[in-house]
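What follows is the residue order along each chain.
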Amino acid sequence: MASIMEGPLSKWTNVMKGWQYRWFVLDYNAGLLSYYTSKDKMMRGSRRGCVRLRGAVIGIDDEDDSTFTITVDQKTFHFQARDADEREKWIHALEETILRHTLQLQISTTLAFFQSSGISPVLEFSKIIGLDSGFVPSVQDFDKKLTEADAYLQILIEQLKLFDDKLQNCKDDEQRKKVETLKETTNSMVESIKHCIVLLQIAKSTINPVDAIYQPCPLEPVINTMPSQTVLPPGSGHSPPSSSLTSPSHVNLSPNTVPEFSYSSSEDEFYDADEFHQSGSSPKHLIDSSGSVSALTHSSSGNSLKRPDTTESLNSSLSNGTSDADLFDSYDDRDDEGEAGSVEEHKSVIMHLLSQVRLGMDLTKVVLPTFILERRSLLEMYADFFAHPDLFVSISDQKDARDRMVQVVKWYLSAFHAGRKGSVAKKPYNPILGEIFQCHWTLLPNDTEENTELVSEGPVPGVSKNSVTFVAEQVSHHPPISAFYAECINKKIQFNAHIWTKSKFLGMSIGVHNIGQGCVSCLDYDEHYILTFPNGYGRSILTVPWVELGGECSISCSKTGYSANIVFHTKPFYGGKKHRVTAEIFSPNDKKSFCSVEGEWNGVMYAKYTTGENAVFIDTKKLPIVKKKVRKLEDQNEFESRCLWKDVTYNLKIRDIDAATEAKHRLEERQRAEARERKEKEIQWETRLFHEDGECWVYDEPLLKRLGAAKH
């Protein structure tokens, strides 16, 4: 969070018995909310009043979604925002500031008591936790205990799942009620433990601040907190006031200027007519009466609400007679991303995450900072499933059904390591609704006429039939669902999948549940292999974040009866290795597997067969990663991932975090504006390349369908 948040609010005055417009400035470091009769008066330093936030209490009225109160120093101040969203952003920022300064007061008071009593707080803490009085615990000891507490929390979270099984087996109503009560109580306890762990980190950072300064990171974003409807078209002559998280040069509020008590000038009881000469005193009147969102962005007009002819628009950028090298490049935006810089930035990640936490909040709402974004969309990350395209297409080369199942498992287990380009976890961009990503991989050619022939249909027209082509689309925003499809025409193999990502805050880690399934189809054999995906976990998010996979997955083919069970093991707190995976492959109707696989999904995996044969199943360290080829940026359409996110990516590269955040914010605002317009006009969003089929999302023109049409 930046040191200053400013913008318009209305304040209730008892003399006038009404709401008065004021310009407010929240100083995060000073713990002070100051207000002025206008922005101009604020720039001149003519403060009308202020509210000291240390020890303050925020109040809201559920029946009114725009007003709130601050009670402190035996006074209650009443405020009104223009709408519920605006109020939420102010309350969020105010509560963060209140929590910080209240904690600092409590810690300072405790330390002062110890010092005045001649007691060492470190030794007292040692006694409390049962350590020898001669032992002085370090920050590392604190971290170890905190990590241990988090490990027990994860065990407790796993144990909670047993309540669901118990409830299913409960036939007695009284017993069911007891179990439900116990489950509810345990859930509340788990949430309390999560908050305690985070608040302990806050306390630690307060006493032992990062870089010896307890203040927000300078890399944090500029966030516009005003409703987007207030954006006026160019030439309107007026620019409505807006709240923003910024550090303006005209404001110079230091902790030394914090008054002993909150106060309000007697002049504050008079209304400044020139502030709101065009409207009433309520800030709600600031909203454009037309309610139009057409001025939000140049992209939120006309055809943006309709399904475009995506195939035609994608094909239009392909020129006849051009080579693959002319149209595509294999550059990865992460290629020049240094690992050292990522590790150095992790301190900022701690402060950013902690700055968002307040008592009683839903911890799933914690937002990751822009500066740890991975510089690519989640849709592009899904393409990494095919970083070893030769393993994928060789599934159809196997003549025996058993060998094909083994090859499916081999490709599947090789598909996860390429998605990570370093030890520090980074988060890909959340795709925008309707966003598309296309790419292809060129397999080693055999110089036959069949292999050099170009395709005119499918995910990526204009490449050879011997290529693996891929396309992904964000088909839903709520819930967030991505659909993707890949094929190789020469090998007559295709893959269709959809994933709904559902995140959950787990204390010192974040769990991402990948809900959905994929289907590998070998068309020559009419076989379809249904598979599921593991969950992802961002561990140690309050220190140096890293990623691990966890959960049970399955692969099955109904036609042949072959199946496989795969378990991605999360690292236990005591001992154990990271990134372990085990797999069992079964023949039809057999309860005992004919092949067992064990190893690390980002390292070496070994296979043991019932025949007694032992062999290296996959060695991801030695497998060459084939770089995907993506249409050059200048030839992409505006809804393609790299083009869509190009401003965010560029600014992250040059480490201009404010500009990257602003570019990201523009995209998100455009998406919100288009959603509002569709809702007002009662228009349903139409996907571009995929359609819903039952609970699955299916590519409109799969290879199976095109080959069937060609026969007729």
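Note that the structure is a prediction, hence the values are computed from the model and not measured. (Residues numbered from 1 in each chain as written. Predicted model: local features only at pLDDT ≥ 70, side-chain atom pairs only at ≥ 80, totals over all residues. Heavy atoms only, no water.)

Undergrad: Before we move on, can you summarise the overall build of the protein chain with the specific residues and values?
TA: For the protein chain, the count of helices and strands is 16 helices and 28 strands. Taking all contacts inside the protein chain whose residues are at least 6 apart in sequence as the whole, residues at least 24 apart take part in 61%. (Helix = DSSP H or I, 4+ residues; strand = E, 2+ residues; numbered from the N terminus. Contact = heavy atoms within 4.5 Å.)

Undergrad: Can you tell me about the pairing of strand S28 (residues 696–699), naming the residues and giving the values?
TA: Where burial is concerned, the two faces of S28 differ: the one with Trp697 and Tyr699 is buried and the one with Cys696 and Val698 is not. Relative to S28, strand S27 (residues 690–693) runs antiparallel, the two sharing four bridges. Pairing of Glu692 across the sheet is with Trp697, part of S28. (Buried < 20%, exposed > 50% of the residue type's maximum accessible area, 1.4 Å probe, protein only. Pairing = 2+ DSSP bridges.)

Undergrad: Describe the packing of helix H14 (residues 646–653) against helix H15 (residues 657–681), listing the residues and the values that go with them.
TA: For any two helices packed against each other, one specifies the crossing angle of their axes together with the interaxial distance. Their axes nearest at 8 Å, the elements H14 and H15 cross at an angle of 165 degrees. Here H15 runs roughly antiparallel to H14, going by the angle between their axes. Remark: the crossing between H14 and H15 carries left-handed chirality. Contacts from Asp647, Val648, Asn651 and Leu652 of H14 reach H15 at Ile657, Ala659, Ala660, Ala663, Lys664 and Arg666. Tallied by class, residues from the contact of H14 with H15 come to six nonpolar, one polar and three charged. (Axes fitted to C-alpha atoms, helices over the stretch in contact; angles between N-to-C directions. Parallel < 35°, antiparallel > 145°, perpendicular 65-115°, else oblique. Left-handed = near helix turned anticlockwise from the far one by under 90°. Nonpolar A, V, L, I, M, F, W, Y, C, P; charged D, E, K, R; others polar.)

Undergrad: Residue-level account of helix H4 (residues 139–169), with values.
TA: In an α-helix, one turn spans 3.6 residues, which is why side chains three or four residues apart end up on the same side. In this model, H4 (31 residues) spans 47 Å end to end at C-alpha, consistent with the 45 Å of a helix rising 1.5 Å per residue. Listed in full, the buried residues belonging to H4 are Leu146, Glu148, Asp150, Ala151, Leu153, Gln154, Ile157, Leu160, Phe163 and Leu167. (Expected span 1.5 Å × (residues − 1).)

Undergrad: Lay out the packing of aromatic side chains with the relevant residues and their values.
TA: One pass over the structure, following the stated rule, counts 27 aromatic pairs. Arranged with centres 5.4 Å apart and planes meeting at 80 degrees, the rings of Phe24 and Phe79 form a pair that is edge-to-face. With a gap of 55 residues between them, Phe24 in strand S2 (residues 18–27) and Phe79 in strand S7 (residues 75–80) connect regions that are remote in the sequence. The pair Phe24 / Phe79 is uniform in exposure class, with both members buried. Both rings, one in Phe68 and one in Phe79, keep their centres 5.3 Å apart while their planes meet at 25 degrees; by these two values the pair is stacked. Placement of the pair is Phe68 in strand S6 (residues 67–72) and Phe79 in strand S7, with a sequence separation of 11 residues. Residue Phe68 shares its accessibility class with Phe79, and that shared class is buried. We note Arg402 situated over the ring of Phe594; from NZ or CZ to the ring centre the distance is 3.9 Å. The ring of Phe639 carries Arg688 above its face, with NZ or CZ at 4.2 Å from the centroid. (Phe/Tyr/Trp six-rings, centres within 6.5 Å; stacked < 30°, edge-to-face > 60°. Lys NZ or Arg CZ within 6 Å of the ring centre and 35° of its normal.)

Undergrad: So what's going on with unusual backbone geometry? Residues and values would help.
TA: Of note, the bond from His478 into Pro479 is cis; its omega dihedral lies within 30 degrees of zero at 0 degrees. Residue position: Pro479 is located in the loop between strand S14 (467–476) and strand S15 (481–488). Phi is positive for Asp526, close to 55 degrees, though the residue is something other than glycine. By the element assignment, Asp526 lies in the loop between strand S17 (510–522) and strand S18 (527–531).

Undergrad: Lay out the pattern of salt bridges in plain terms, naming residues and giving numbers.
TA: One pass over the full model with this rule turns up 17 salt bridges. Between Arg580 and Glu598 there is a salt bridge, and its shortest N-O distance comes to 3.2 Å. With Arg580 in strand S22 (residues 580–586) and Glu598 in strand S23 (residues 595–600), the pair connects residues that are 18 residues apart, well separated along the chain. Across the pair Arg670 and Glu674 runs a salt bridge whose closest N-O atoms are separated by 3.9 Å. In this pair, Arg670 and Glu674 both sit in helix H15, four residues apart, roughly one turn of the helix. Exposure remark for Glu674: the relative accessible area of 9% places this residue in the buried category. One network of salt bridges, with partners in common, ties together Arg376, Glu380, Asp384, Lys628 and Arg642. (Salt bridge = Lys/Arg side-chain N within 4 Å of Asp/Glu carboxyl O.)

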